[in-house]
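Observations on the three-dimensional arrangement
This is what each chain is made of:
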Amino acid sequence: MGKDYYAILGIDKGASKDDVKKAFRKLAQQHHPDKGGDEAKFKEITEAYAVLGDEKRRKEYDTRGSSFGGGQGGGFDWNQYAGGFGQGGVEFDLNDLFGDFGDMFGGGRRAAKARGRDISVDLDVTFKESILGAHKTIRIAKVSACDTCKGSGAKQGTAFDTCKTCSGSGRISEMRRTVFGQFTNTRVCDVCDGAGKIPKEKCPTCGGKGVARKEEDINVTIPTGIEQGEMLRVSGQGEALKGAAAGDLYIKVRVKPHSVFRKEGNSLVMDLPLPLSDALLGTTASITTIDDKQIEVKVPPLTEPVQVLRVREKGVPGRGGRGDLFINVSVAMPKKLSAKAKKAIEELKREGI
């Protein structure tokens, strides 16, 4: 009896081409021999995909059923298709199907470019700096390009020889055998670090490594309105790697609280408690803004326990303009009353105030 390829892939007969591919990819990752899976099971699901993943073969299979394949007694001629992909056999996009381990098939996926390590640091900024922005310099210890050889690993003025390991190509090709056959895997030469040449004399400072650990000052721009815990990325300021691009520096910002202001979106908010007399009669209050400017704010007589005043464009600067400052005006109740004050309040009481 012929095999039920739909059952093998766990799909129904109405499955789309994308559904067939998704089912195969999931099962192939699960049963691949290089991942500790069962080779026989892997061949079986690959056989099913070889048929159902091809419109012509799928139509023939749906029509002929158990008699599909002819010469193998109704079975599938694995050798007809597994002898070599892209050479008259089944065309698999292995890089697409296998995702993260597609590079084991050599021809499909390019090796990721080497890159230095990313690093992260914490940076404390004042509340004022977080609102108005600032320029900061931080000193960090990291692996950087050697100052003497500028990252080449060679002694100044020395000649270079062609790397014998990679014959000057900077890459090494290795043959790997899988259930699909033999494939070529290419990697960066670890002798010349991909340069294809080796200096006759190594740099005396870094010993030919091209990098050295040292302290370095990094200039950082703090944008206006940055939030607590926000990350800044400084491209190319991570750790260096010989013959490759440096990694990135990630800076986690920690904002110190302010004694007066707090941030709400692009607005600044502050509290202004007033003596009872000012609250009843109204007053003019002198306010120091976040950018250290003095402004006079007219406070009308309070009609409620808390009144909110709005001062335009004294909040957080941004692309759409500057936000506003909101002042929560309230009554500061006295802790003690003099005899004169008590008498005055008694008069107010008699007037129904």
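Quick note: structure is the one above.
In short, a report on the structure.

What counts, and where the lines are drawn
Residues numbered from 1 in each chain as written. Predicted model: local features only at pLDDT ≥ 70, side-chain atom pairs only at ≥ 80, totals over all residues. Heavy atoms only, no water. Pairing = 2+ DSSP bridges. Helix = DSSP H or I, 4+ residues; strand = E, 2+ residues; numbered from the N terminus. Axes fitted to C-alpha atoms, helices over the stretch in contact; angles between N-to-C directions. Patch = residues over 30% accessible without salt bridge, like charges linked within 9 Å, V, L, I, M, F, W, Y side chains within 5 Å. Areas by Shrake-Rupley, 256 points an atom, 1.4 Å probe, with all protein chains shown as cover. Salt bridge = Lys/Arg side-chain N within 4 Å of Asp/Glu carboxyl O. 1 Å grid on protein atoms, 1.4 Å probe; cavity = no way out; pocket = protein on both sides within 12 Å on 5 of 7 lines; lining within 4 Å. Points joined across faces, edges and corners; volume = space filled by probe spheres on them. Nonpolar A, V, L, I, M, F, W, Y, C, P; charged D, E, K, R; others polar. Buried < 20%, exposed > 50% of the residue type's maximum accessible area, 1.4 Å probe, protein only. Polar contact = N/O pair within 3.5 Å; in protein donor to acceptor, adjacent residues only side chain to side chain. Contact = heavy atoms within 4.5 Å. Phe/Tyr/Trp six-rings, centres within 6.5 Å; stacked < 30°, edge-to-face > 60°. Lys NZ or Arg CZ within 6 Å of the ring centre and 35° of its normal.

1. Some points on the sheet that holds strand E8 (residues 231-234)
- The strand order E1-E9-E8 describes an open sheet built from three strands, whose pairing is mixed. The sheet is open, and its two borders are formed by strand E1 (119-125) and E8, each paired with just one other strand. Going from strand to strand, the sheet's axes swing by 30° on average, the running direction of each strand aside.
- Pairing of E8 with strand E9 (residues 249-255) involves four bridges; the strand directions are antiparallel. Bridge pairing in E9 places Val-234 opposite Leu-249.

2. A short note on a nonpolar patch on the surface
- A contiguous nonpolar surface patch, about 620 Å² in accessible area, is contributed by Leu-276, Leu-280, Leu-281, Leu-337, Ile-345, Leu-348 and Ile-353.
- In this fold, Leu-281 is placed in helix H8 (residues 276-281).

3. Brief notes about the sheet that holds strand E11 (residues 267-275)
- Judged by pairing direction, the sheet is mixed, and its four strands sit side by side in the order E10-E11-E15-E14 without closing on themselves. Lying at the two open borders of the sheet, with one neighbouring strand each, are strand E10 (262-264) and strand E14 (306-311). For this sheet, the mean inter-axis angle between neighbouring strands, taken without regard to orientation, is 35°.
- Sheet analysis places E11 next to strand E15 (residues 325-332), joined by eight bridges and oriented parallel.

4. Some details on the layout of surface pockets
- Space inside the second largest pocket adds up to approximately 230 Å³.
- If you go around the second largest pocket, you meet 18 residues; those closest to its centre are Ser-152, Asp-193, Pro-199, Gly-208 and Lys-242.
- Looking at which element gives the most residues to the lining of the second largest pocket, the answer is strand E6 (residues 197-199), with three residues.
- Taken together, the residues that form the lining of the second largest pocket break down as six nonpolar, seven polar and five charged.

5. Concerning the pairing of E9
- Residues Leu-249, Ile-251, Val-253 and Val-255 point to one face of E9 and are all buried, whereas Tyr-250, Lys-252 and Arg-254, pointing to the other face, are not buried.
- Pairing analysis gives seven bridges linking E1 to E9, with the strands arranged parallel. By the bridge assignment, Asp-122 is partnered in E9 with Lys-252.

6. Remarks on the side chain of Asp-248
- Along the polypeptide, Asp-248 turns up in the loop between E8 and E9.
- In terms of polar contacts, Asp-248 uses its side chain to reach the side chain of Arg-115, at 2.7 Å.

7. Details of the environment of Thr-284
- Take Thr-284: it is sitting in strand E12 (residues 283-288).
- Taking the C-alpha atoms as reference points, Thr-284 and Glu-296, separated by 12 residues in sequence, lie 6.5 Å from one another.
- The residues touching Thr-284, leaving out its near neighbours within four places in the chain, are Glu-296, Val-297 and Lys-298.

8. Looking at the pattern of salt bridges
- What the rule picks out here adds up to 26 salt bridges.
- Across the pair Lys-200 and Asp-161 runs a salt bridge, and its minimum N-O distance is 2.8 Å. Here Lys-200 is found in the loop between E6 and strand E7 (211-222), whereas its partner Asp-161 is found in strand E3 (residues 160-162), with 39 residues between them in sequence.
- Owing to a relative accessible area of 35%, Asp-161 belongs among the partly exposed residues under this scheme.
- Its salt-bridge partner being Arg-262, residue Glu-264 comes within 3.9 Å of it at the nearest N-O pair.

9. Considerations on the packing of aromatic side chains
- Summed over all chains, the structure comprises three aromatic pairs.
- Pairing Tyr-5 with Tyr-61 gives two aromatic rings, centres 4.9 Å apart and planes at 40°, and the pair type is tilted. A residue pair is termed long-range when its members are at least 10 positions apart, and Tyr-5 in helix H1 (residues 5-9) and Tyr-61 in helix H4 (residues 55-64) qualify at 56 residues. Each of the two residues, Tyr-5 as well as Tyr-61, counts as buried.
- Between Phe-24 and Tyr-49, the ring centres sit 4.4 Å apart and the planes meet at 5°, which makes this aromatic pair stacked. Here Tyr-49 lies in helix H3 (residues 39-52) and Phe-24 lies in helix H2 (residues 17-31), a separation of 25 residues in the sequence. By the burial criterion, Phe-24 is buried, and Tyr-49 matches it.
- By the ring-pair criterion, three or more aromatic residues cluster together here, those being Tyr-5, Tyr-6 and Tyr-61.
- When the ring centre of Phe-160 is taken as reference, the NZ or CZ atom of Lys-197 above it lies at 5.0 Å.

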